[in-house]
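So the chains spell out like this:
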Amino acid sequence: MNEMSPVTVEEITFPSDQDSSGRTFGQEEIDLLTKVIQSGTLTATKGTMVKDFADTFAKMVGAKYAYACASGTAALHAAIAAVDPKPGDEIITTSITDMGAITPILYQGAIPVFADVDPVTMNVTPETIAKVISPKTKAIMVTHLFGNPAELAKIKALADKHKLALIEDCAQAFMAKENGRFVGTVGDVGCFSLQQGKHITAGEGGIVVTNDENVARRLRLFIDKAWGYGDPKPDHYFLAINYRMTELAGAVGLAQLGKLQFSVDQRRKMADRLSSQLEGLEGITLPVVADDAEHTYWRYCIMVDPTKIEGGPVALAGKLKAYNVASGPRYIQKPAFECQVLRDQVTFGDSKWPFTLARPEAVDYAPANFPGTYKALNEVLVLPWNERYVEKHIDHIAGAIRAQHKTLLKG
Ligand SMILES: *Cc1c(COP(=O)(O)O)cnc(C)c1O
């Protein structure tokens, strides 16, 4: 086959999570939105939609308390504020995640300390976390990347042993399970996002869940300026912000919850189909899911070994374009700590606070400390994924990868 010639596979377009082609919106969202508009009450402090949304989600994952908020970043910020670090306390996080999981740590005056990741799952592990625990560590924040749960039971045991709080970033991991439990319900706080490209969406939005009454109170207060609604003598109790979700977003979120299981089931079914079709390709590693875990595939990622496959993931991504198959080498351009805000410590004025309080080891971003991170970013190829993928999309992707794998395989 001529390298540049269009391939002989059928022309195909893929559903996108950036518009209705890859999403699940329908009459259910419109009906609840209409109800909100007709009621005239768009604020969650007076309406019921946001409360119904959060309560319904709490039941779905088996959490005692859930509160909705403005974004996944807001959810993570509330979680950190609930843990209540002192300036200079350390919060262990991951080098490969969304920046929304890191900047809230700095806003609360704490220091993000990066644990390395497993080079195949791209998740932090009990071992990489243990390495960076210090007397200043206040909490561990785990991102279940791409919907594949981290080793949660072991990380929880590690957190307990060192008396650390555990925050779970489940923005990409709705309904994923580890050890029989939904992610988000094992740590002290679980955080979810309803941004456009997540499993379900209200455009923007977030949820926090917890089983602890005191944590729940702090979460609820932080999202709403720490005003003690309903208390005998309400006041603004502590430094907090307005991160409330609107009733409009709550209406869409509530309708979307009815479709969450479909989204998860369909993503998983199609992922299993792709895995079975890609099995056995030399130099390609398929998603690795622990025996006791359930992956919910926000994205489907493979690892492409550049010592076996000419040009690695970049070359393969280039070849896949001719088949109309989009894919992203690297996922994020660079580890979080190489981003300008962290690298140059661009925070409040020219103060560099709170980095001024950090132990030198806590902000030592030497590449030698992060072998898993660099290996993963050099080998990962991320395939867009959503609940509207059906068999023909999977078979097309598999055919394209198998064909190009043959042409790029070395030796
Ligand atoms: C999307 C995402 C966030 C941030 O959520 P927003 O709703 O965009 O603020 C945080 N962490 C991870 C892992 C994410 O994927």
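What counts, and where the lines are drawn
- Every chain begins its residue count from 1, and numbering advances along the sequence as written.
- Local features are withheld for residues below a pLDDT of 70 in this predicted model, meaning they are given only at 70 or higher, and side-chain atom pairs are given and counted only at 80 or more; totals for whole chains, interfaces and linings count all residues.
- Side-chain metrics rest on all non-hydrogen atoms present in the structure, leaving aside hydrogens and water.
- The way it works is that DSSP assigns letters per residue, a run of H or I at least four long becomes a helix, a run of E at least two long becomes a strand, and they are numbered from the N terminus.
- This radius of gyration counts C-alpha atoms alone. The globule rule is 2.2 Å times how many residues there are, raised to the power 0.38.
- Only protein chains enter the accessibility calculation, which uses a 1.4 Å probe. A residue is then buried if its area is under 20% of the maximum for its type, exposed if over 50%, and partly exposed in between.
- It only takes one pair of heavy atoms within 4.5 Å for two residues to be counted as in contact.
- Accessible areas in this description were obtained via Shrake-Rupley with a 1.4 Å probe; residue shielding takes into account the shown protein chains only.
- Per the annotation, domain bounds derive from an automatic or database assignment of domains.
- Summed over both partners, buried area is the accessible surface (1.4 Å probe) that two parts give up on being assembled.
- A pairing counts as a salt bridge when a side-chain nitrogen of Lys or Arg comes within 4 Å of a carboxyl oxygen of Asp or Glu.
- By convention in these notes, a residue is near a molecule or strand provided one of its non-hydrogen atoms lies within 4 Å of it.
- As used in this structure description, the phrase polar contact means that two N or O atoms lie within 3.5 Å; if the pair is within protein, one of them must be able to donate a hydrogen and the other to accept it, and residues adjacent in sequence are counted only when both atoms belong to side chains.
- Nonpolar residues are Ala, Val, Leu, Ile, Met, Phe, Trp, Tyr, Cys and Pro. Charged residues are Asp, Glu, Lys and Arg, and all others, Gly as well, are polar.
- Any two of the Phe, Tyr and Trp rings considered here, Trp counted by its six-membered ring, make a pair once their centres fall within 6.5 Å; the pair's planes then place it as stacked at under 30 degrees, edge-to-face at over 60, or tilted in between.
- Counted as over-ring charges are cases with an Arg CZ or a Lys NZ within 6 Å of the ring centre that also lie within 35 degrees of the ring normal.
- Between any two strands, at least two bridges found by DSSP are needed for them to pair.

A.B. asks: Got a sec to walk through the overall build of the protein? Specific residues and values, please.
C.D. replies: When helices and strands are tallied, the protein shows 12 helices and 14 strands. In summary, the protein has a C-alpha radius of gyration of 22 Å against a globular reference of 22 Å for 411 residues, a match within 12%. Along the three orthogonal principal directions, the C-alpha set of the protein runs to about 75 × 55 × 40 Å. Looking at the protein as a whole, 53% of its 411 residues are labelled buried. In the protein, of all internal contacts separated by at least 6 residues, the share reaching a separation of at least 24 is 71%. Summed over its atoms, the accessible surface of the protein is roughly 17,800 Å², and 53% of this surface lies on carbon and sulfur atoms.

A.B. asks: Explain the domain arrangement of the protein to me, and be specific about the residues and the numbers.
C.D. replies: Here the protein is described as being made up of domain 1 (27-259) and domain 2 (260-332 + 373-408). Of note, the centres of domain 1 and domain 2, computed from C-alpha atoms alone, are 28 Å apart. Every contact between the two is made by 33 residues of domain 1 and, on the other side, 29 residues of domain 2. The contact between domain 1 and domain 2 buries some 2,400 Å² in all, and 60% of this surface belongs to carbon and sulfur atoms. Counting the contacts that link domain 1 with domain 2 gives zero salt bridges. Among the elements of the structure, α2 (49-61), β6 (177-178) and α8 (247-278) are those that each provide at least two residues to the side of domain 1 that touches domain 2.

A.B. asks: So what about the site of the ligand? Which residues, and what values?
C.D. replies: The ligand sits among 13 residues. The nearest are G72, T73, D169, S193 and K198. In this structure, T73 approaches the ligand through a side-chain N or O atom, which is 2.5 Å from an oxygen atom. Measuring from an oxygen atom of the ligand, one finds a side-chain N or O atom of S193 at 2.7 Å. With the chains in place, 92% of the 380 Å² that the ligand exposes on its own is no longer accessible. It is helix α3 (residues 72-83) that contributes the most residues to the shell around the ligand, three residues altogether. For the shell around the ligand, the per-class residue count stands at two nonpolar, eight polar and three charged.

A.B. asks: For the packing of aromatic side chains, give the residues involved together with the corresponding values.
C.D. replies: Within the structure shown, the criterion is met by 16 aromatic pairs. Measuring from ring centre to ring centre gives 5.7 Å for F57 and F174, while their planes differ by 80 degrees; the resulting arrangement is edge-to-face. With F57 in helix α2 and F174 in the loop between β5 (165-169) and β6, this residue pair connects regions lying 117 residues apart in the sequence. Take F57: its relative accessible area is 0%, and that puts it in the buried class. Its relative accessible area of 0% is what places F174 among the buried residues. An aromatic cluster is defined as three or more aromatic residues linked by ring pairs; in this entry it consists of F14, Y297, Y300, W385 and Y389. Taking the ring centre of F182 as reference, the NZ or CZ of K177 above it sits at 4.9 Å. Lying over the aromatic face of F238, R218 brings its terminal NZ or CZ to 4.2 Å of the ring centre.

A.B. asks: So what's going on with the sheet that holds strand β13 (residues 328-329)? Residues and values would help.
C.D. replies: Paired through their backbone hydrogen bonds, the strands of a sheet run either parallel or antiparallel. Across the sheet, four strands lie side by side as β10-β12-β14-β13; this open sheet has antiparallel pairing. Two strands lie at the open edges of the sheet, namely β10 (284-285) and β13, each paired on one side alone.

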